[in-house]
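# Inside the fold
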Amino acid sequence: MASTLILTLIGSLTAQVNPFVLRYTVDKVQVLLHHGHSLKVGMPLLLGISGILLGKEVLNAALDFGQSYFGEEIRVYVSSALSQDAVRRILSYRLGFYAAGSNQTGKLQTRLDKGVDALMKLVQDLFIDILPLLAAAAVSLVVMFAASWRIGVVALGVLPVYFWLSYRQAVRLSGVRRGMRQLKEDKNHGLLNLMDSAVVIKSFVREQYEEEKQDRLQHELRETQLRMRKTNFLFNGLKSLVEQVGLVVIIVLTAYLVLSHELSIGTIMFNSMLFHNVSAPIRQLHQMYDELNEVHTYSEAFFEMLDADNAVEPTGSLPPTSLRGTFELRHVDFTYPSGTQALHDVSLTIEAGKTTALMGLSGAGKSTVINLLCKFYEPQSGEILLDGRPLADYDTHALRQYIGLVLQKNHIFKGTVDENIRYGNLLATPAQVQDAARQAHLHDQLMQLPDGYETDAQQLSGGQQQRIAIARLFLKNPPIIFLDEPTASLDAVTTEQIKTSLDALKRGRTVVIISHSLSQIVEADRTYVLEQGRVVENGIHQELYDQNGAYRRIFDASARSLNLEKLARTLTY
Ligand SMILES: Nc1ncnc2c1ncn2[C@@H]1O[C@H](COP(=O)(O)OP(=O)(O)OP(=O)(O)O)[C@@H](O)[C@H]1O
């Protein structure tokens, strides 16, 4: 940074060379002409001037290079530090942050990119563009004042008018810019959404409907862009006019002073060049002002994203060593950030080393219970205890090392199958990865693929991807396991295979399972039945069945949907 400032200072001085040399040349040539000297007498003067001007240009080129290079160095370092900082921050946020409408993937990405770009622009404007020009302008003003205070006053007098116009322009644009940012984020998000929804759009033949939605956005974007351009053209024209009027006044005033023998004739050239030095950065300044405004708009959103302190996942300091794994929910109420109350006064116990099933119709709140146990969200009232201590007191990251979570649809990262399984334990040996894949009944299938474990994981079928998730769990080997309909998307044979693997895994561990599969529910040590966010029944299979309540209704409906009677008849043949 110091090197950039030193170069800027030298640059501001070299910018004054041309006016001085030209004033000297004009005055000297005039004297030579006046005395009728031949070209021969003037030759040394011409050579001397050429030498100075050329030397100055060489120095300028070196200065330009130095300033650009050092400025770029600052830019590159700041940009990489900012991006990394943003990634680190975002990763530390709680799930609710990712789910919020304003943070959807495309929007967050746009905000991050635009924010970093904008801040880089700030560094560029400051160190590469504005500082050298402003320094040169300041020195030129001082020189003008020193040559003639009246000329100095005129040059200085133009500045407030210029600044005021730039300010008005910026104010007019700022609201429009903000709207523009929002529209661009929406557009990006819309496009990503279109790609994600391609199958549904096509199967419902909604191409035209989607196109019209995008067109409305384009229309607004177009109008906003045109409004912005109009404002810019108007103000730029006004500023140009002010600058030209300033120049005319300076030339006329200098000519008047030359005629009154107060200044030499070379000063006309001298002053107009110096005024050019003063107005050049100021001409750019409106752009800068404009850009800084844009920087402000985008960086505001960027820093908002970085400073979402309330979005940082809370953590306690209790290390979860020697966990037994008994969870207790006491009178828990929970409402999602969107406002949906998912749990009402829920009390339940998940015993260590046992399998607890959660049962209920869709939307009853089963997954929400698991979300709370994983500390993805905190309840608004009531308490959750783990081995008798508040769950909130535990170190969140350390606790999650002890928990394995398999969902109905698990995320598969871009990359190979090996990389995806290894996510469960980054230090696993190839033999351990294969062992986990074997337990998840995936190994044999992989062996039939030409690339085996190196196959692109996202190309595998839904069922195979589910096995990757289960292999990941085997590799992590946690003492506490949450299974949220882990076999719901699998075929019957795979379900049976996976169930056998999971049964082996369940032994001696604390397991919470959500499943619509009767076979998995009847085997649970305890089942809690939820209805509209409340626990309505709990017990073991037979007890619950005999109660003839909610459990029985769901159980019977599931049995009927399987058409057990007919199946039984078929099986006896
Ligand atoms: N991330 C979320 N943000 C807002 N509301 C949510 C969120 N997840 C779930 N909900 C709402 O909370 C309620 C309970 O949902 P939950 O997913 O816990 O039900 P579930 O019993 O697991 O249902 P399913 O069997 O369909 O998975 C529902 O009304 C649902 O709309």
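The name given to the protein in an unreviewed UniProt entry is ABC transporter ATP-binding protein, with the source organism recorded as Hymenobacter segetis. Its UniProt record gives the protein a comment under Subcellular location (unreviewed entry), which states: "Cell membrane".

Together, Leu 234, Leu 238, Leu 241, Val 245 and Val 249 make up a nonpolar patch on the protein surface, roughly 430 Å² of accessible area in all. Along the chain, the position of Leu 241 falls in helix α8 (residues 207–259). Judged by relative accessible area, Leu 241 falls into the exposed class, the value being 53%.

Time to look at the sheet that holds strand β10 (residues 534–539). The strand order β6-β7-β8-β3-β9-β10 describes an open sheet built from six strands, whose pairing is mixed. Looking along the sheet, the strands with just one partner apiece sit at the ends: β6 (403–406) and β10. Going from strand to strand, the sheet's axes swing by 15° on average, the running direction of each strand aside. In the sheet, strand β9 (residues 526–531) pairs with β10 via five bridges, with the strands oriented antiparallel. Along β10, the bridge assignment pairs Tyr 528 with Asn 538.

Our focus in this paragraph is the site of the ligand. Close to the ligand lie 14 residues, the nearest being Ser 362, Gly 363, Lys 366, Ser 367 and Thr 368. At a separation of 2.8 Å, an oxygen atom of the ligand approaches a polar side-chain atom of Lys 366. Contact with the protein chains removes 66% of the 630 Å² of surface that the ligand exposes when unbound. The element contributing the most residues to the shell around the ligand is helix α10 (residues 366–373), with three residues. Within the shell around the ligand, the residues separate by chemical class into five nonpolar, seven polar and two charged.

A word on the domain arrangement of the protein. Once the domains are mapped, the protein shows domain 1 (2–173 + 231–309) and domain 2 (327–572). One C-alpha centre belongs to domain 1, the other to domain 2, and the line joining them spans 63 Å.

Of note, Thr 455 is situated in the loop between α14 (443–447) and α15 (462–476). On the basis of relative accessibility, which here comes to 12%, the residue Thr 455 falls in the buried class. Thr 455 has contacts with Gly 415, Thr 416, Val 417, Leu 449 and Leu 460, leaving out every residue within four places of it along the chain.

As a further point, take the UniProt feature "domain: ABC transporter" (unreviewed entry) in the protein. In the numbering used here, UniProt assigns the feature "domain: ABC transporter" (unreviewed entry) to residues 327–557. Secondary structure content for residues 327–557 is 36% helix and 26% strand, and the end C-alpha separation is 30 Å.

Now for the environment of Ser 272. Tracing the backbone through its elements, the reader meets Ser 272 in helix α9 (residues 266–306). On a C-alpha basis, the gap between Ser 272 and Leu 247 in space is 6.7 Å, while along the polypeptide they are 25 residues apart. In contact with Ser 272, other than residues within four places in its own chain, are Leu 247 and Ile 251.

Turning our eyes to something else, we now look at the pattern of salt bridges. Between side chains of opposite charge, pairing is possible as soon as their charged atoms come close. If you walk through the whole model with that rule in mind, you get 17 salt bridges. Arg 400 is paired through a salt bridge with Glu 313; the nearest N and O atoms lie 2.7 Å apart. Here Arg 400, found in helix α11 (residues 396–400), pairs with Glu 313, found in the loop between α9 and β1 (327–335); they are 87 residues apart in sequence, far enough to count as distant. Close ionic contact of Asp 418 with Arg 422 constitutes a salt bridge, the shortest N to O distance being 3.1 Å. Of the two residues, Asp 418 and Arg 422 are both situated in helix α12 (residues 417–422); the distance of four residues between them amounts to about one turn of the helix. Within this structure, Lys 499, Asp 503, Lys 506 and Glu 523 form a network of salt bridges that share partners.

Parameters at a glance
- Residues numbered from 1 in each chain as written.
- Predicted model: local features only at pLDDT ≥ 70, side-chain atom pairs only at ≥ 80, totals over all residues.
- Heavy atoms only, no water.
- UniProt positions renumbered as here; feature names shortened; annotations may be inferred.
- Patch = residues over 30% accessible without salt bridge, like charges linked within 9 Å, V, L, I, M, F, W, Y side chains within 5 Å.
- Areas by Shrake-Rupley, 256 points an atom, 1.4 Å probe, with all protein chains shown as cover.
- Salt bridge = Lys/Arg side-chain N within 4 Å of Asp/Glu carboxyl O.
- Helix = DSSP H or I, 4+ residues; strand = E, 2+ residues; numbered from the N terminus.
- Buried < 20%, exposed > 50% of the residue type's maximum accessible area, 1.4 Å probe, protein only.
- Pairing = 2+ DSSP bridges.
- Axes fitted to C-alpha atoms, helices over the stretch in contact; angles between N-to-C directions.
- Near = heavy atom within 4 Å.
- Polar contact = N/O pair within 3.5 Å; in protein donor to acceptor, adjacent residues only side chain to side chain.
- Nonpolar A, V, L, I, M, F, W, Y, C, P; charged D, E, K, R; others polar.
- Domains from an automatic or database assignment.
- Contact = heavy atoms within 4.5 Å.

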